[in-house]
Structure formats: C-alpha cells, structure tokens
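Close look at the chain arrangement
Residue-level listing of the chains:
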Amino acid sequence: MNWLKSAAKFAPQRPWVHAALVFLGFLGFYTLFFAPILFSDRLLAPGDGISYFLPAFYGAKTLWTNLVFGGYPIAADPQNMTWYPLVLLLSWIPHSWNAFIVLAYVLAGSFAYCYLYTITRSRLAATVAGLVYSLSGFMMGHLGHAGMIHAAAWIPLLVCAFENLRHRITRTWIAIGALAFVGCGLGGHPQISVYGLGIGVFYALFLGWTAPIGRAKFYRNALLLLLLGVGLCAIQLLPTVELSQLSLRSVMTWSAFFHYSLPRWQTVQLLFPYFFGSAFDQPYRLYEVALWGPWGLGEISGYVGLMPVMLGAIGAIAYPQRPITRFWFWFGLITLACAFGGDLLVGQLLYHMPVYNKFRAQGRHFIEVAMAMSVLSGLGVAAIQQRLVSNRLLRRTIGAGMLVMIVSLIGIQILGPYFQLQASKVGIISLHLSPWNNPAIGIPVLIFCASSLSLAIWSRWRRFRWSALLLVTMLTIDLSSFGWFIQQIGPPAASQLQPSELIQRYQTILRQQHQRLFTAGGAAEDANRMYPNLNRLWNLPNAGGYSPLTLTRVSEVMQMAPNGVLYHLPQPSERGLDLMAVRYLVTPDPIVNPALTIDPQVLPATPGVPWATSDLGMRLGTGACALPSYQSALNLAVPALPQQTISEIGLITSLGCSVGIPDRATVLEIQVTDAQGQVETHPLLAGRDTAEQAYNCPKIHPLHQRAKIFQRNPGASIEADTCITHQYVSTIKLDHPQSIKQLHLKWGNLPGVILIHKMSLINGDAGQATPILPTEPSSRWRRIERLPNGAAIYENQQAMPRTWLVPATRLLPSAPILTAITTTVLPGGQVYQPGTLALVEDPAAQFQSAPLQPSDTAQIVNEQETTIVIQTHTAAPAFLVLSDVHYPGWQATIDGQPTPIFQTNYIQRGVKIPAGDHRVQFSFRPVSFRLGAGVTIASAIAGLYWLTRIKPRKST
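Figured I'd write up the structure that's included with this text. Keep in mind it's a predicted model, so treat the numbers as computed, not measured.

What counts, and at which threshold
Each chain has its residues counted from 1, following the order in which its sequence is written. Where local features are concerned, this predicted model is filtered to residues with pLDDT of at least 70; where side-chain atom pairs are given and counted, the filter is 80 or more; whole-chain, interface and lining totals use all residues. Side-chain figures throughout are based on the complete set of non-hydrogen atoms in the structure, without hydrogens or water. Numbering of helices and strands runs from the N terminus; a helix is a DSSP stretch of H or I covering at least four residues, while a strand is a stretch of E covering at least two. With a 1.4 Å probe rolled over the protein chains alone, any residue whose accessible area is under 20% of its type maximum counts as buried; one over 50% counts as exposed, and the rest are partly exposed. In this analysis, two residues are considered to be in contact whenever any of their non-hydrogen atoms come within 4.5 Å of each other. The method behind every accessible area is Shrake-Rupley, applied with a 1.4 Å probe, and residues are considered shielded solely by the protein chains displayed. Each aromatic pair joins two rings of Phe, Tyr and Trp (for Trp, the six-membered one) with centres within 6.5 Å, and gets the label stacked for planes under 30 degrees apart, edge-to-face for over 60, and tilted for any other angle. For a Lys NZ or an Arg CZ to count as sitting over a ring, it must be within 6 Å of the ring centre and within 35 degrees of the ring normal. Among buried residues, the Ala, Val, Leu, Ile, Met, Phe, Trp, Tyr and Cys ones that are joined through side-chain atoms within 4.5 Å form a nonpolar core. Within this document, salt bridges are pairs made up of a side-chain nitrogen of Lys or Arg and a carboxyl oxygen of Asp or Glu, the two lying within 4 Å of each other. When DSSP finds two or more bridges between a pair of strands, those strands are recorded as paired. Fitting a line to C-alpha atoms yields each axis, with helices limited to the stretch in contact; the angle taken between N-to-C directions then spans 0 to 180 degrees. Directions pointing from the helix axis toward each C-beta atom define the arc. Here the word oblique covers every angle except those under 35 degrees (roughly parallel), over 145 (roughly antiparallel) and from 65 to 115 (roughly perpendicular). Take the far helix as the reference: if the near one is turned anticlockwise from it by less than a right angle, the crossing is left-handed, and if turned clockwise, right-handed. The classification used treats Ala, Val, Leu, Ile, Met, Phe, Trp, Tyr, Cys and Pro as nonpolar, Asp, Glu, Lys and Arg as charged, and all other residues, Gly among them, as polar. Residues forming no salt bridge and having over 30% relative accessible area are the ones grouped into patches, like charges within 9 Å of each other and nonpolar side chains (Val, Leu, Ile, Met, Phe, Trp, Tyr) within 5 Å.

Further remarks concern the overall build of the protein. Scanning the protein from N- to C-terminus turns up 28 helices and 29 strands. Expressed as a percentage of the 956 residues in the protein, the buried residues total 58%. For the protein, restricting intrachain contacts to residue pairs at least 6 apart in sequence, the fraction spanning at least 24 positions comes to 76%. Element-wise, carbon and sulfur atoms account for 61% of the exposed surface of the protein, whose accessible area totals about 37700 Å².

Right under this line is the structure:
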C-alpha cells in the first residue's frame, strides 16, 4: 500500500497519476454501488434499456437495417450510438453492457471531479462534486437511457476544458475539449448533447470576459474549438438532420413539448423524491398504486440531495471567485425553472425557439440543475476548507435548511386535501402525510438531520480525515436514498439476450420467405421477448420498431406509434401491413373472458355478458385530435352465428377531445344489416351511451353528462394531470331479434374521436352473448399458435411478397394514396389491389404495359444491410415494387446501369423494368453520410494541424 499512498501524495504534481486514481476510485465506488446487479445474471437495462439502447449497443454497425420498420437509416438515428467511440470499443466485447453503463457514471463523477479540482485545488470539494453529479436524480432516474447518461457524462469535461483554456492555451486541453465535444455529441441523445453544448457555450461567453489569458484570445480559441467539435460530430449530425425532417419529430405540438415536465404541484418532490409513490417494494412503497403523480420518477427526477443544497448555498455566498459562483447560481436557477415546462413563463418561451422546440420532456433540464448544484456544493466545501465560512454563516445555513423543511412539512399538511384529490384519481383512498407513517417523508427528514449534524461536525473538525470521511459517507447515503432504490427497479435478466426456440423458428421461416413479422405491442411487447429492436440481435425482420425518429410516412401507413405500438389492430380494409410483407402478427390473444361482465342493472335480461379480453382498438373521428389514420366510418365483420338471433348490441366506448360535444348529441350511427338486407340505424348519444374518457380531470369540463361507467383506468396523463380515465357501457336495442349480416359504424361528424373498446352481440331471450374479436374478423388473419404468456401469432393470408411485379402504375397525390392503403378504396370508388397496381407520386413514374404472364418473376438473390439484388424475368416491360422503405440515398441499377427509384405506395421503392432477364441492385449511398464523413475527416485533419501550430501561452 506504500506505493498507493505515495501516488496519492504526489498526484497533484502528476496530473495523469491523479486522474488515474480518481478514475479508479469512482470505478470502485460504482462497482460496489451496482454490485447486486453486476454480480448477478441481470442487466442494467430497465425500460428503454432492454427495448432500445441495448439492441443499439450490440446491433450491427451499419448505415441501414432491414430488420426494423421495413427498412430504417439506423446510423442516422443518434440514439443508436453508431459512432460513439465507447460503443465502437466495447460492443465487440461479450457481456460488456453492464460495464458500458457503469462507465457512464464513472466518467461523470471523474469529469465533475476534474472541473472542481481545477477551480478549487481541493480533492474533497472535487469528490463531493463528482458524487453529487453522478448520483443525481437525473443520472439515476435515467439508468435505462444509456444515450442520455453517456452524453451527460462528458459535460463536466467540456466545461473543465474551457476553464483551463481561460488560463492557458495548450495542446492538451484543446485535445481534451475536442474529445469532450465528441463524447457529448455522439453519446447517444441529441437533447442532452444540445444541453451540454449550451452549458459549454454559455460558460465560455460568461467567463471568457474575465479570462486571465485575455478575452480576445480566449474567445477566438473557444470559437475554433466549438467549430472543431461540431465538425467532428458531422458524421452523425448531418444524417440526423435529414432523418428528423422526415420523422414524426419534424413537428412538435404544444402539449407534446411539455410532456414529462415537473408540475408545479409536485415541487415538493425536489426534497421528498418518493412522496408521489415508488415502484420499488421497500421502503417507500405504501400504496397498491405505484405512482400517483404524472410521468413517473425517471423523467422528472430532480433530486440532488439535501446536504448539497446546504453546501451549495454556502458556496454561492462565501466562495471568493464571484464570476464562477454567479454563473452557476443563475444558470442552475434558470434551468430549474425550465424543468417546470409550461407551468412557468420561461418554459413557454422556449417552445418558440427554433430547433430547441423539437425536444420534449423539459424535466430533462435537471441534468443542468445537477451540474450547477454539484459545482456549488463543491465550492461550499472549498469555502469551508479555506476558512471563508464563519460559524454564524454555517449555523444560519443549517437553520435556513431546517426552516425550509419545516415549511415543506407544513405545506404538505395544508395541501393535504389537494394531494388527496390527486391521489384519489388513481385509486388511493387514504394518503399518508405525516413523517411517522410515511417513509417518503420521514426518511428525508432523518437524512436532513443527519446531514446537518455531519456538516457541523466536519466544519468543526475539518483537519481530521475521519470527519471528511463522515461527510462523504453521509453525502453518499443522502443521494443513495433516491438512487439506490430507483436503480433496483426492473433490471431484466441476461438470458433475454439469448433467442428463444420461438424466435429461432420464425427466424428460419422468415429468412426462407423473405417476409416480416410485426409485434403489435411494440416496445411494450413481452411475448417471448419479441421487442422489435431487440430482434436485430437475431436477424429477425420486423416491420415495426421503436424510435422517436420514426418516419412519418411509415407511422401513417402502418398506423403505428413511435414506440412501435399499433394504434389499433388491423381491419379488413387496411393494406398497410400487407404492403410491408408482414406475414405474422404477434398480439394478445383475444380469447373470451366470461368473468369480465357489465353491470346487470344495465342488461337485466343478460346476467354476465362475456367480452373479449383485448380491445377492438377501433377509433373514429374528425378534427384536430384525429390522427391521419382515423376513419370517419368503417364496416365491421360479424362472426357467424348459426341459428342465433340478436336482440341487442353491447358496446364499451369512450370519447376523446369531446368537451365541446353537447349532451345527447349523436356521436356514432350504427347501421345494422340483417340476413335479408334490411337496414336499421341506431344512434349512440353523448351523455347517455358514452362520454369523454377524461371526464373527471380538473381541466376537463364536458358539455355532456357522464354515461354509465364500465371500467376505470387509473394513472392516465391528460394535460399533465394524472386522472382516472373511464370506459362506458351501453346497449343498443334492435327493433326486433334478427340475424345480423353486417355492422356499419359512422362517426357523427363532430370534432372529436370515439374509441370503441369492445362489442358483444346479445340474445336477450336466450341469455347468450358473443363478443366480436379484434383479430379474427375474416379469413385474412389465421391464428396459428398461442404463446404461454397469453399472446398469439396470426398469419396474414394477404401478405405481399418482399418484392413483386405490376403491369401499371397510377399517379396520385400523397393523401389519396394513403387513403387507398388504409381503406382499399381508390379515388373514383375502385378497389385498390396492390398486386396489380402501384401508386406513385412522380409523373415520371407513370407506367402502363401488357398484363403479367405466369412466367414473369422477381426473386431476391442477395440481401445485405445496404444492398439488395433482385433477379427479374418478364415477357414485357413491368414495374418492380420492393417492399422496403423509400429513403434518400438509395440508388438502383439494372444490369449495372443507373435507373431512377420512384416513391411507390407512399413508402416503398419502385423501378421500371425492361422485358427480359435483368439483375436489379439497390444500394444505400446517402449523400448526408458521405458529406458528414467528409466534414468529420476534414475537421480531424484541421484539428491536428491546429494542435501543431499551438504555442503554449500562460496567463500573466
């Protein structure tokens, strides 16, 4: 141990030895901190970790993948971390995921240490800052967001580089600054990268004015460093800009922008982080409902500890370097206000800032708050060490902290009725508001008392090492009181990385068929671990996927949310999944659950009406709230009911965005056609049969009455309020018992939407009822197997092949093409048949030829990630359709000669094929990547040249 003591003693004179010891120290700390998971068969990948970031880490490093979304520019998605140096280094090492995650925390702590040591020369102050930053609520709450924590880890190093460059221009700190830019910019999350860049830019602007080396020299070199950093990241930046303009993030609504912001009424969470619930069983879990505040803990975790708040106050008051102190104080205060989103004016103003307004989740500003608080708390420690803090100031600070805690406790009691109202919306009847019966209140109170005592003891005996150890230990307990428990929530087993027998079987089938499957549950799917992105590890092609940058057209055609969840299960008239060669659909099995019954007072003649366990998922509507995939009418297939007549139709529905719909207004017309072709029409009325789903939310005041409630769904987030949403039950009594042939549902042409969850056909005289099942409306979908977890796999009888030939195209605008795909109806009323007609938007793609012959073929002969080769044989010219997503950068050749690619069927690729035998090759060569790579290489060369030209200069 003597060599270690010697190294520690002389470390300040040997910067690299000092840096190595700091790194090893944080590595040892976080190895112990995460030991329960690291030394088990579990992965540090909860939530999005397993369904998004882990597949990005282990997935093939390629520009394009055919394994998600029916084709996707995977390298253009920054959260895929394709060019992040640490991913390039570690992803090749087996079982390195946990090490990759731990490394983010080690780097965050080490770099925060570096910055504080630079400005204070205090190892204790630097250690405190490193712990506060790396153990902050943001870093722990986003454990499952690998891209966020890695991008955030490099922010302190960037600030440290600028701070050193204020005093001297050296090759070392120019290189370190460029490295920090690259780490933050390519770390895997553009929002955090922008925040990190913002911190660096504001720091340089504010502190550069007083740079000892001279403001002109500093600003010039800081600008060059900024340009160098952006240039080095161009390989990711330019493709991402191109992708974002074509994705769902090209437009960000007002409400979506403020999702995952901290509501004002949850401010107490900053001091009592688990007051609004915990998903972990002990010690904070008190209620059957895990969380009763909106958004969840991960996204709005702003806890930075109680001791750091007191140390930060001391640092802001007593530390002598006033420009640095003022900067971090005001920067922390402003970014804290930003975290409240639309509840405060500053958040509302940010929505109008270009580029920035493409980022949602304003609660992520807590990373900037954590950075500011880590610095201020470190400055507080340094101020006490330098005897700049009097005993009176220390006592006042602790007293002020005690007053804040007392006021908070009193405020909780005063606001108790309001909190109880919010909790009751998710089913919590009795809320515990006193410290002795609610650990979420009592534990922070105890921690505050212990922290105050530890701070006072260390201040009194700061010359003794044991007192510093006591301070650091109490600080760790303080921060871990939040971080330790949240990191224990939901770590998946490492066995999930091994393909199941089911996955291996379908991998073989789909490879032979050159077709795809689709997991209706998207990133929430747990049917034998068929997460769409995770399937990239096993070469299992999925037409779905999970990405915030989901292409808008792909989402519209497949009627799919960014997390890969279908808006509703496919209807007979929809051809989106057919066009994308979806042969198999994985979805919850809609078996009948007779235990799920409506109130017998509603249907007194039918005690115990059965309903399907899964929703129909049908949505009708018009207006601003209706997505492009919503229809105004649809025909519903009726199951065959031999020798059974129907007297009533049971419905479970709810309305959305319907506050302006008056009472007793007709929101839905149900046309019933019997076996003889006779039609009768019945209305579904607002206030009698159905109602607004968020009827009881504080900001929702419908004009209609509330209908009979069938089911309550706690925990839904409506307008940033956590509310109970409702489903309503009603019955339509037919004119006479009859055999039903068809149901036609038509929206009442009012602004709003209706969600049709379940329907049952009722024979009141016989006391029987048959539910309408969501995925078996016709012979199109055939169930081929049930899975142990209650899901099922259906085979699509109308799935198109991966590639096919058509004899003609039709020129249409994009909107009618989308309508034709989702309704099977062309303008003019003709039926759309994708096997005989391709829909195009470019006049140059118009094509008409002789009908296809039985001998005409198109066959895939070679397929790679960025190349696909098709061999065609046609007796006459034809139009080749490839069931892969059209995207800028794809090029095609026929027998080696370039040929244009036309956007076909809204999202696919098509080319004109001459008669005869031909070899068609599609290759992905995006200009955005080549330009970005060129800029990155040029920047690297320019940066190396700059380094050779630098003459070290010290401040005078």
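Our next topic: the packing of aromatic side chains. This structure, assessed with the given rule, holds 53 aromatic pairs. Geometrically, the ring pair formed by Phe 162 and Phe 218 is edge-to-face, given 6.4 Å between the ring centres and 70° between the ring planes. Here Phe 162, found in helix α10 (residues 155–167), pairs with Phe 218, found in helix α13 (residues 215–232); they are 56 residues apart in sequence, far enough to count as distant. As far as burial versus exposure is concerned, Phe 162 and Phe 218 are alike and both buried. Between the aromatic rings of Phe 257 and Tyr 356, the centroid separation amounts to 6.1 Å while the plane-to-plane angle is 65°, which identifies the pairing as edge-to-face. Of the two residues, Phe 257 is situated in helix α15 (residues 254–257) and Tyr 356 in the loop between α18 (345–350) and α19 (366–385); the sequence distance between them amounts to 99 residues. Each member of the pair, Phe 257 as well as Tyr 356, is classed as buried. Members of the aromatic cluster, each reached through a chain of ring pairs, are Tyr 115, Phe 202, Tyr 203, Phe 206, Phe 327, Trp 328 and Phe 331. Over the aromatic face of Tyr 906 sits the side chain of Arg 553, whose NZ or CZ is 4.3 Å from the ring centroid. Arg 909 extends its terminal NZ or CZ atom over the ring of Trp 890, reaching a point 3.7 Å from the ring centre.

Turning next to the nonpolar core. Counting 188 residues, the largest nonpolar core has Phe 100, Tyr 115 and Trp 328 as its most contacted members. The element that contributes the greatest number of residues to this core is helix α6 (residues 97–120), accounting for 17 residues. Leaving out residues up to four positions away in the same chain, Tyr 115 has contacts with Pro 156, Val 159, Cys 160, Glu 163, Tyr 203, Ile 324, Trp 328, Met 371 and Val 375. Formed by 70 residues, the second largest nonpolar core is a distinct cluster that contains Leu 566, Leu 585, Val 806 and Leu 882.

Below, the discussion takes up the pattern of salt bridges. The tally for this structure, following the rule as stated, stands at 14 salt bridges. We note a salt bridge from Arg 516 to Asp 884, for which the minimum N-O separation is 2.6 Å. Remark: Asp 884 occurs in strand β23 (residues 878–885) and Arg 516 occurs in strand β2 (residues 516–519); sequence separation between them is 368 residues. Of the residues examined, Asp 884 reaches a relative accessible area of 1% and is grouped as buried. In this structure, Asp 578 and Arg 575 form a salt bridge, with 2.4 Å as the shortest nitrogen-oxygen distance. Across the pair, exposure class does not vary: Asp 578 and Arg 575 are buried alike. Bridged by salt links that share partners, the residues Arg 516, Arg 802, Glu 863 and Asp 884 form one connected network.

Okay, the sheet that holds strand β13 (residues 740–747) next. Taken in spatial order, the 4 strands line up as β7-β13-β9-β10 in an open sheet, and their pairing is antiparallel. Of all strands in the sheet, those bounded by a partner on one side alone are β7 (633–636) and β10 (679–685). The average angle at which neighbouring strand axes cross in this sheet is 20°, direction not considered. Direction of pairing for strand β9 (residues 666–674) relative to β13: antiparallel, over a ladder of 7 bridges. When the sheet's bridge partners are listed, Ile 670 is paired in β13 with Leu 745.

Looking at helix α21 (residues 416–424), one finds that the buried residues are Gly 416, Phe 419, Gln 422 and Ala 423. In an axial view of α21, the angular spread of the buried residues amounts to 125°, which keeps them on one side of the axis.

We now examine the sheet that holds strand β25 (residues 897–899). Strand order in this open sheet of 5 strands is β21-β22-β28-β24-β25, and the pairing throughout is antiparallel. Taken across any chain shown, the strands that pair with only one partner, and hence form the sheet edges, are β21 (857–863) and β25. Taking the axes of each pair of neighbouring strands and ignoring which way they run, one obtains an average angle of 30° across the sheet. Summarising the sheet, strand β24 (residues 890–894) and β25 pair through 3 bridges and their orientation is antiparallel. Its bridge partner lying in β25, Ile 894 is registered against Gln 897.

The next subject is the packing of α6 against α10. Here α6 crosses α10 at 20°, and the two axes come no closer than 8 Å. The pairing of α6 with α10 is recorded here as roughly parallel in orientation. Here α6 and α10 pass one another in a crossing that is left-handed. Where α6 abuts α10, its residues Ala 108, Phe 111, Ala 112, Cys 114, Tyr 115, Thr 118 and Ile 119 lie against Pro 156, Leu 157, Val 159, Cys 160, Glu 163 and Asn 164. Among the residues making up the contact of α6 with α10, the classes are represented as 10 nonpolar, 2 polar and 1 charged.

This part is about the pairing of β10. In terms of strand pairing, β9 meets β10 through 7 bridges, oriented antiparallel. When the sheet's bridge partners are listed, Leu 668 is paired in β10 with Leu 684. Turn length for the β9-β10 hairpin, with the two strands adjacent in sequence and antiparallel, is 4 residues, and the turn residue Gly 677 shows positive phi of about 90°.

A word on a nonpolar patch on the surface. On the surface, a nonpolar cluster with roughly 520 Å² of combined accessible area is contributed by Val 230, Leu 237, Leu 238, Val 241, Val 927, Leu 931 and Val 935. The topology assignment puts Leu 238 in helix α14 (residues 234–245).

If you check the backbone angles, Phe 69 has positive phi at about 60° while not being a glycine. Relative to the helices and strands, Phe 69 is located in the loop between α4 (48–58) and α5 (85–90). By relative accessible area, which is 2% here, Phe 69 ends up buried.

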